[in-house]
Structures are given as C-alpha cells and as structure tokens.
Amino acid sequence: MPGKRKIMCSIVVLFTMILLLGVSAPMAEESDTVTVFAAASTTNAVTEIGRLFENRKMGKFRSSFASSSTLAKQIERGAPANVYISANVKWMDYLESKKMIAPDTRFNLLSNRIVLIAPKDSPIDHIDIHPGFDLVKLLGDGRLAMGDPDHVPAGIYGMRALEKLGVWPSVEKRIARAKDVRAALALVERGETPLGQVYATDAAISKKVKEVGVFPQDSYPPIVYPVAIVAGEKSEGTIRFIEFLKSPEAGAIFEKYGFICP
C-alpha cells in the first residue's frame, strides 16, 4: 500500500506540473504581446513595423487602426491598448488630462503634410492652392471628401488650412465627412467625390488617386504624431516597442510611406 500511495502521489504531482506548464506558457506569451492603437493614416507603416518587430523576436504585435479621436475614446472606456499613436497632439493631451497615458513615455514620433487628391482618371491634374482659390468651381456638383473636421485630425488640419486661405465658408456645406482619413481616401478612390483632402502619406499609398495640390505648410498647424504607453501598461514589451519605433529601421519604413521623421 505505501508503494502504491507513493506512485499515486508522484502521478498527481506530475499531472499538476503538466497543467501548470500548460496554463503558464500561453500567459507568458500573452504578456509579451503589444497591442497598438494607432491613427488610421499610419496603417501601412505601423503594420509593417509590427511585422518586423515580430520577425526580430522582440514580442508579438497586435493593432487597431481608426481615427485618433475614436481610439482615444476607446482607451478612455478601458479598451485593451498598450500603446497609443495619435495623428495630433489634441487627443494625446486629452488622454493625458484623464491620466490615461504614462506621461514619461510620451514623445513626438512623426510629422506629415496635407494635400488635395483626385481620382486617377480625373481631368484635373494640378490645383494651385492659394488664398481665395475657387474650390467650389473645381468641385462642380460634387463634394470634398475629408475626415470629419469636428473630430478627425486630418479633417481638422484641412479645415484650418481652408479657413486660413479664406475658402472654408464657401465649401463648408459641400463636405463629405468621413469617419477617418482612410475613409475619405476611399470616397475619392471609388469616384464618389471629385476631390479629397488627405495626408500626403495616404495619397502615396493609393494607385487609384493622384495628388493634385499641396496645401501651404503655413496654412495649418504643424502636424505632429505623438506616441505614448497607456497608463498601467508599461512593461518590457511595450518599452521595447516604443524604443523600436525610434530605430533607424522603423524610421526607414515611415519615410518609405511619406512620413517625415524628426
């Protein structure tokens, strides 16, 4: 009997160890996953950087792309984000005021430009963007696609530029308001609007549109993309990821997609 009891105890211990190992392995893997909430305009670049991060065995990468405002509100409501990349300072400031980011991890990552685009087959090839230019005439019976200027950073920058140029009052009611900048790009790609206002990086990644005009840089506030770790999410993995965003390899990818690195 003592021998049988000893064997049974050994089996129970072994079985318990197997169960513990089976449970702990996925947990360790999960803890090494970095979930990045990033502005829609960074989709291609950040996705490629995330793949490189994984290929380098630095951790696992997950992402969610949308308007900076949408992502900030999701983080405020407790969405499972580790890192936030915004397309403007406003929404990062918003989360910082709510104590939803780790302020000591915040830094400015990128900058961008805003441009006018048209469908690839449009007869419009060039628009001289200057104070008072006749945007309404260029639109004809159509509308101008842009991120909703009430909350989407790209749309806010675009509205500021059009206000500075004295054009906004004439086109305010001719805006096709999109949920984010990529949705505005899609409206022009499908030919649903004759013109759209997007970031230069969005124009660069599409084969269905062409850049027809560049807004003067002094017509809108500097476009800044800040990044930070979400409050309570500072870990070796998240720190590794934001440090990787500063690397020459990540910088080369951002520049390939048209972003301007500091």
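In case you missed it, the structure is sitting above this.
Here the residue numbering is sequential within each chain, running from 1 through the sequence in written order. For a predicted model such as this one, the threshold for reporting local features is a pLDDT of at least 70, and the threshold for listing and counting side-chain atom pairs is 80 or more; totals across whole chains, interfaces and linings nevertheless cover every residue. Excluded from the side-chain calculation are hydrogens and water; included are all heavy atoms of the structure.

1. Looking at the overall build of the chain
Only DSSP runs of H or I with at least four residues qualify as helices, and only runs of E with at least two residues qualify as strands; both kinds are numbered from the N terminus onward. A count of helical and extended segments in the chain gives 11 helices and 10 strands. Only the protein chains shown count as cover for residues, and the accessible areas themselves come from Shrake-Rupley with a 1.4 Å probe. Carbon together with sulfur atoms contributes 57% to the accessible area of the chain, which is approximately 13100 Å² in total.

2. Some words on the sheet that holds strand β6 (residues 144-147)
Only strands joined by at least two bridges in the DSSP assignment are considered to pair. Ordered by their spatial adjacency, 5 strands build an open sheet running β7-β6-β8-β5-β9, and the pairing between neighbours is mixed. Each edge of the sheet is formed by a strand with only one pairing partner; in this case those strands are β7 (175-178) and β9 (209-214). Neighbour to neighbour, the strand axes of the sheet diverge by 35° on average, direction disregarded. Bridge count for strand β5 (residues 114-119) against strand β8 (residues 195-199) is 4 bridges, and the pairing is antiparallel. Note that in β8 the partner of leucine 116 across the bridge is glutamine 197. Strands in contact with helix α8 (residues 181-189) are β5, β6, β7, β8 and β9; relative to β8, the strand with the most contacts, it is inclined by about 145°. The axes used here are C-alpha line fits, helices contributing only the stretch in contact, and every angle between their N-to-C directions lies in the interval 0 to 180 degrees. Note on definitions: a residue-residue contact is assigned when non-hydrogen atoms from the two residues lie within 4.5 Å.

3. Digging into the pattern of salt bridges
Definition used for salt bridges: Asp or Glu carboxyl oxygen within 4 Å of a side-chain nitrogen of Lys or Arg. Under the criterion given, the structure shown has 14 salt bridges. Glutamate 48 is the salt-bridge partner of lysine 256, the closest N and O atoms lying 2.9 Å from each other. One end of the pair, lysine 256, is in helix α11 (residues 248-256); the other, glutamate 48, is in helix α2 (residues 43-55), and 208 residues separate them in sequence. For every residue, the accessible area (1.4 Å probe, protein chains only) is compared with the maximum for its type, and the residue is labelled buried under 20%, exposed over 50%, or partly exposed between those bounds. What makes glutamate 48 buried here is its relative accessible area of 18%. The salt bridge partner of glutamate 249 is arginine 56, with a shortest N-O separation of 3.5 Å. One end of the pair, glutamate 249, is in helix α11; the other, arginine 56, is in the loop between α2 and β2 (60-66), with 193 residues separating them in the sequence. Under the relative-accessibility criterion, arginine 56 is labelled partly exposed at 40%.

4. Side note on the pairing of strand β1 (residues 33-39)
A large share of β1 lies buried, amounting to 7 of its 7 residues. Bridge analysis of β1 against β2 gives 7 bridges, and the strand direction is parallel. Of the residues in β2, the one forming a bridge with valine 36 is serine 63. A clockwise path from the first strand over the helix to the second, with the strands pointing away from the viewer, defines a right-handed crossover. Taken together, β1, α2 and β2 form a β-α-β motif whose crossover is right-handed. Inspection of the sheet shows β1 paired to strand β3 (residues 83-85) by 3 bridges, in the parallel sense. Bridging from a neighbouring strand, alanine 38 pairs with isoleucine 85 of β3.

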